[in-house]
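Each chain, letter by letter, is given below.
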Amino acid sequence: GVQLRIGFAAAIGALGGSALGTRIALAVSEETIRTVVLVLVPTVLVLFLAKDRLLGLRTTPHDPGPDHAPSNHDAGPGPCQVLAIPLLLGLVVGTYDGFFGPGTGTFLALGFHLWTRLDLTTASGNARLANLASNAGSLVVFLVAGKVLFPLALVTAVAGVTGNVLGAGLAVRRGERVIRPLMVFVLLLLLGEVVRQQMS
């Protein structure tokens with residue numbers, strides 16, 4: 001499923017962040033981009049593998065019980081505070097998406113899962129909404145700069161849409177049992193590709 005308020009807040013941040021990241025990418029060398037990703041991907045992989053410890057092994061919200069009297073301290077964060085986290089997450093990951101791109105959906109899903117406490121399936125759904133906005137922001141900047149090869153882009157777009165439909169169906173049917181190992185696999189593949197490029 002998708003938590004619309006969280007998803008749209010992240011999408012707004014991702015839209016602006018991707019435009020910023022794309023402008024940065026157009027101004028720096030590919031070597032700089034690869035070096036940044038070489039540091040970023042292992043960090044995210046370790047973060048994902050250690051997420052249970054980071055979350056204190058909490059899988060459900062704590063129930064204070066019927067005898068616990070509510071107080072001002074028990075009030076949850078306000079709407080602005082709740083939406084600030086996905087907005088910032090969208091901005092940061094959107095900037096990365098515009099700057100380099102691979103793994104953006106995984107990074108967004110991880111961020112939603114770790115910092116908004118969504119389960120992995122819902123986190124992945126929200127990540128798609130934010131990723132769509134991020135792609136749109138980056139695409140506009142690349143189009144203005146004349147950096148789009150339309151025949152290649154159209155073929156890749158069709159393949160990407162097909163893959164997303166298949167992957168979303170699998171995620172909805174199988175849930176975290178499938179998403180978790182796939183995330184690790186994608187991160188390892190991304191790390192291997194970046195290392196290969198650095199050594200070539």
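Residues numbered from 1 in each chain as written. Predicted model: local features only at pLDDT ≥ 70, side-chain atom pairs only at ≥ 80, totals over all residues. Heavy atoms only, no water.

1. Remarks on unusual backbone geometry
Argument step 1. The phi dihedral of Arg117 falls on the positive side, at around 60 degrees, and the residue is not glycine.
Argument step 2. Here Arg117 lies in the loop between helix H5 (104-115) and helix H6 (120-145). (Helix = DSSP H or I, 4+ residues; strand = E, 2+ residues; numbered from the N terminus.)

2. Re the nonpolar core
One broad trend across soluble globular proteins is that nonpolar side chains are buried collectively.
Argument step 1. Grouped together as the largest cluster of nonpolar side chains are 29 residues, with contacts concentrated most on Val41, Phe107, Leu108, Phe112, Met183 and Leu187.
Argument step 2. For this core, the elements supplying multiple residues, two or more each, are helix H1 (4-27), helix H2 (30-49), helix H4 (79-99), H5, H6 and helix H8 (176-199).
Argument step 3. Setting aside chain neighbours within four positions, we find Leu108 in contact with Leu89, Val93, Ala127, Ala130 and Asn131. (Core = buried A, V, L, I, M, F, W, Y, C linked by side-chain atoms within 4.5 Å. Buried < 20%, exposed > 50% of the residue type's maximum accessible area, 1.4 Å probe, protein only. Contact = heavy atoms within 4.5 Å.)

3. Things to note about the side chain of Asn126
Argument step 1. By the secondary structure assignment, Asn126 is in helix H6.
Argument step 2. Looking at Asn126, the relative accessible area reads 0%, which means it is buried.
Argument step 3. A polar contact is formed between the side chain of Asn126 and the backbone oxygen of Thr122, at a distance of 2.9 Å. (Polar contact = N/O pair within 3.5 Å; in protein donor to acceptor, adjacent residues only side chain to side chain.)

4. As for a nonpolar patch on the surface
Argument step 1. A contiguous nonpolar surface patch, about 400 Å² in accessible area, is contributed by Leu139, Leu143, Phe150 and Leu154.
Argument step 2. Of all elements in the fold, only H6 and helix H7 (150-174) reach the threshold of two or more residues within the nonpolar patch.
Argument step 3. Positionally, Leu143 belongs in helix H6.
Argument step 4. With a relative accessible area of 40%, Leu143 lands in the partly exposed category. (Patch = residues over 30% accessible without salt bridge, like charges linked within 9 Å, V, L, I, M, F, W, Y side chains within 5 Å. Areas by Shrake-Rupley, 256 points an atom, 1.4 Å probe, with all protein chains shown as cover. Salt bridge = Lys/Arg side-chain N within 4 Å of Asp/Glu carboxyl O.)

5. Some thoughts on the layout of surface pockets
The method is simple in principle: a probe with the dimensions of a water molecule rolls over the atoms, and the space it marks as empty is what remains.
Argument step 1. A volume near 1,900 Å³ is recorded for the largest pocket.
Argument step 2. Around the largest pocket sit 48 residues that line it, and Asn131, Asn135, Gly160, Val161 and Asn164 are the ones nearest its centre.
Argument step 3. When the residues that make up the lining of the largest pocket are grouped by side-chain class, the tally is 27 nonpolar, 18 polar and 3 charged. (1 Å grid on protein atoms, 1.4 Å probe; cavity = no way out; pocket = protein on both sides within 12 Å on 5 of 7 lines; lining within 4 Å. Points joined across faces, edges and corners; volume = space filled by probe spheres on them. Nonpolar A, V, L, I, M, F, W, Y, C, P; charged D, E, K, R; others polar.)

6. Structural notes on H6
Three or four residues apart is the spacing at which side chains of an α-helix point the same way, because the helix has 3.6 residues per turn.
Argument step 1. Relative to the 38 Å expected for 26 residues at 1.5 Å per residue, H6 spans 36 Å between its end C-alpha atoms, a close match to the ideal helical length.
Argument step 2. The backbone nitrogen of Thr121 lies 3.0 Å from a side-chain oxygen of the residue at the head of H6, namely Asp119.
Argument step 3. Remark: Gly146 follows H6 within two positions and exhibits a positive phi of approximately 70 degrees. (Expected span 1.5 Å × (residues − 1).)

7. A short note on the pattern of salt bridges
Argument step 1. Per the counting criterion, the structure on display carries 1 salt bridge.
Argument step 2. Note that Glu193 is salt-bridged to Arg196, the shortest N-O span being 2.8 Å. Linking Glu193 with Arg196, this pair stays in helix H8, spanning 3 residues, or about one helical turn.
Argument step 3. For Glu193, a relative accessible area of 32% translates into the label partly exposed.

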